[in-house]
Amino acid sequence: MGTFERTLVTSALPYANGRIHVGHLAGAYLPPDIYVRYLRMKGEEVVFICGSDEHGVPITLRAMEEGVGPQEIIDRFHTANEAAFAAAEIDFDIYGRTSWPEHHELTQAFFLKLLDGGYIEKQRIQQYYSEKVGMFLPDRYVEGVCPKCGGDARGDQCDHCGTTYEVTELREPRSAVPGDGTTPVLKDTLHWFLRLDRFQETLGDWLEGKTDWRPNTRGGAMSWLREGLRSRCVTRDTEWGVRIPLDDPDAEGKRIYVWFDAPIGYVTNTKVWAERSGRPEYWSTLWQDAGTRLIHFIGKDNIPFHAIIFPAMLLGQETYIRPDVVVANEYLNFMRAGRAAAEKFSKSRGAVIEVRELVETFGPDRLRYYLTAIAPETADSEFSWLDFFHRTNGELADVLGNFIHRTLSFGAKNLAGEVPPAGTLGEADRATLAAIAETREKVGGLLDRFQFRHAQAAMIDLARVGNRYFDDRKPWVTRKQDPAQCATTIHVCLQLAAGLARLMAPFLPGGAGRLAAMLGIEGPQSPGSWARIGEEGLPAGRRFEKPKILFPKLEPGDVPEASTD
Ligand SMILES: [Zn+2]
């Protein structure tokens, strides 16, 4: 990793056509939120961008199904998803919208710049047309039979076997426009194409150097490159989306394709954020100055867009930087009780857990803890209610919560709620104190490498060290036999608690705030607080509160499917 002055972090823009579920959260939203909080605690300059993708085909399909306009759909789900992210304590600097006029203008500017450079050109193609509804059908409006496995498939991709193909290869095509279902016919039409082939060599050289990326991300991008980059259609037949900024009769009835405008949303949202922050020029520093480190967090289905297509679009603008790192997560699936295998989260199959719903019932700490503990970093992983129950009770409550609670209760009851002096430190005391800074180094190193699962586990391990130390030193015995040693033990435990309040903060900001308040620590998440972990503890004489339980335990009946064990 080279030197940089600031970091710009983006999370994939979710479609505003449905409510976000825990599978989404685990991939592209919770990990960057943890990372951004960590950088802020280190005192680094960082901006965190997300927002709704409001031009996707699923939005217009849903609008047609409901018999309403697309605007009604995007207003509903933009608002709902922004609230769900806030409830899960995902702290974006801005949650923008691709329906904003600023976004339409910027997308058109990107388009025109690429057109001027000869990177976008008009081509004649054959496309499916429904005579019944009188319209050309974008790929997602066509359904049929997969040419490879014979399963039901979408226009250009099969969800059963994962194959992608040209829509003309699909067998038994039919229109997916609600109320249509007829067999479409192929007709000539004109569209604009992005000449990705012209970026093949530059992108190849660039990706060659990205050896620190996760293997899934770099490997996925490399395999695309090896197949040879082809022209990609930038426009489609629809009335919903960004207008083609050309006075050309062929542009009629067509808009810019959503894959093209969506990633530009990162730039738009940065611009709007900068304006609102009173630093309108700062967006260009973030996107065009080589001192910025740009990091995209995405799901694995988005790898080609963020590792190849968007970088090509940025290259064609000439003044923009490209991402330093693209962090792609695998999928989180849903393991329901009594099922033989995990399945994809799917509303239509009744297999869905909405973020808002889960937070309202169980709070953000449990959600964040569990999703990080099972984060799909290197392989797909599974959400199960039973596992949620066991891990939040067994680790969050029994290890972390218990250590805090026994330390503070003992101190409140036997040491008048004041931090006792350190006294004479023995070897075990010193080793335990040293574990705080060691854990800071370990957790920081893992977060630097985007290993969130291991990083959180290392944080919990410090509470395990604390519990073992508490058990070994037996303060309930030394309280009478050796009060000085008892005081030392609780002094050490309180320093661990203070370290944990800060170490927890990126993962469990709510719990960290409650613990910090009990200990009288100000701003556990403030800039510079990371360096204080293990260096600046609680001074002797500091008063602390009688503890409230930090993470109450769940009963089996509280959790769906947990009582079936
Ligand atoms: Zn298939």
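Residues numbered from 1 in each chain as written. Predicted model: local features only at pLDDT ≥ 70, side-chain atom pairs only at ≥ 80, totals over all residues. Heavy atoms only, no water.

**Examining the coordination of the zinc ion**
Selection rule: Counted as coordinating are nitrogen, oxygen and sulfur atoms within 2.8 Å of the metal, or 3.2 Å for Na, K and Ca, while water is not included, which may make sites look incomplete. In this scheme the shape depends on donor count and angles: four donors with every angle between 85 and 135 degrees give tetrahedral, four or six donors with opposite pairs above 155 degrees and others between 65 and 115 give square planar or octahedral in turn, and any other case is irregular. Burial status follows relative accessibility: with a 1.4 Å probe on protein chains alone, a residue under 20% of its type maximum counts as buried, one over 50% as exposed, and anything between as partly exposed.
For the zinc ion, the protein coordination sphere consists of C146 (SG), C149 (SG), C158 (SG) and C161 (SG), at 2.3 Å. With four donor atoms in place around the zinc ion and angles of 107 to 115° between them, the coordination shape is tetrahedral. All donors to the zinc ion come from one chain, and their sequence spacing reads C-x2-C-x8-C-x2-C. Take C149: its relative accessible area is 41%, and that puts it in the partly exposed class.

**A look at the sheet that holds strand β7 (residues 152-154)**
Let me state the cut-off plainly: By this definition, two strands are paired if DSSP reports at least two bridges between them. Each helix is a run of H or I in the DSSP string that is no shorter than four residues. Each strand is a run of E no shorter than two, and both are numbered from the N terminus. Axis geometry follows a simple rule: fit a line to the C-alpha atoms, using only the stretch in contact for helices, then measure angles between N-to-C directions, giving values from 0 to 180 degrees.
Here three strands make up an open sheet; going across it, the order is β7-β6-β8 and the pairing antiparallel. Because the sheet does not close on itself, it has two edges, and the strands there are β7 and β8 (171-175). Strand-to-strand twist in this sheet, taken as the mean axis angle between neighbours without regard to direction, amounts to 30°. Strand direction decides the pairing type here: strand β6 (residues 142-145) and β8, joined by three bridges, are antiparallel. The residue bridging V145 from the neighbouring strand is R171, located in β8.

**Considerations on the sheet that holds strand β4 (residues 120-130)**
Here we have four strands laid out as an open sheet, ordered β5-β4-β9-β10, and antiparallel in their pairing. Looking along the sheet, the strands with just one partner apiece sit at the ends: β5 (135-136) and β10 (232-233). When strand β9 (residues 185-194) meets β10, the two strands line up antiparallel, connected through two bridges. When the sheet's bridge partners are listed, F193 is paired in β10 with C233.

**Section: empty space enclosed by the protein**
Cut-off, in case you're wondering: Cavity and pocket criteria rest on a 1 Å grid covering protein atoms alone: a 1.4 Å probe that fits but cannot get out defines a cavity, protein on both sides within 12 Å along at least 5 of 7 lines defines an open pocket, and an atom within 4 Å of a point defines a lining residue. Grid points are joined across faces, edges and corners, and a volume is the space filled by probe spheres set on the points. Under the scheme applied here, ten amino acids are nonpolar (Ala, Val, Leu, Ile, Met, Phe, Trp, Tyr, Cys and Pro), four are charged (Asp, Glu, Lys and Arg), and all others, including Gly, are polar.
Per the counting criterion, the structure on display carries one cavity of 30 Å³ or more. One number sums up the size of the largest cavity: a volume of about 30 Å³. The wall of the largest cavity is formed by R19, I20, A80, N81, A84, V355 and R356. Mapped by element, the contributors of at least two residues to the lining of the largest cavity are α3 (70-87) and α10 (355-373). Tallied by class, the residues present in the lining of the largest cavity amount to four nonpolar, one polar and two charged.

**A word on the packing of helix α15 (residues 483-503) against helix α16 (residues 509-519)**
Inclusion rule: Two helices cross in a left-handed way if the nearer one is turned anticlockwise from the farther one by less than a right angle. They cross in a right-handed way if the turn is clockwise. Pairs of residues are marked as contacts when any of their non-hydrogen atoms sit within 4.5 Å.
Relative to each other, α15 and α16 sit at 140°, their axes nearing to 9 Å. The chirality of how α15 crosses α16 is left-handed. Here α15 contributes L494, A497, A498, L500 and A501 to the contact with α16, which in turn contributes A512, L515, A516 and L519. The class makeup of the residues in the contact of α15 with α16 is nine nonpolar, no polar and no charged.

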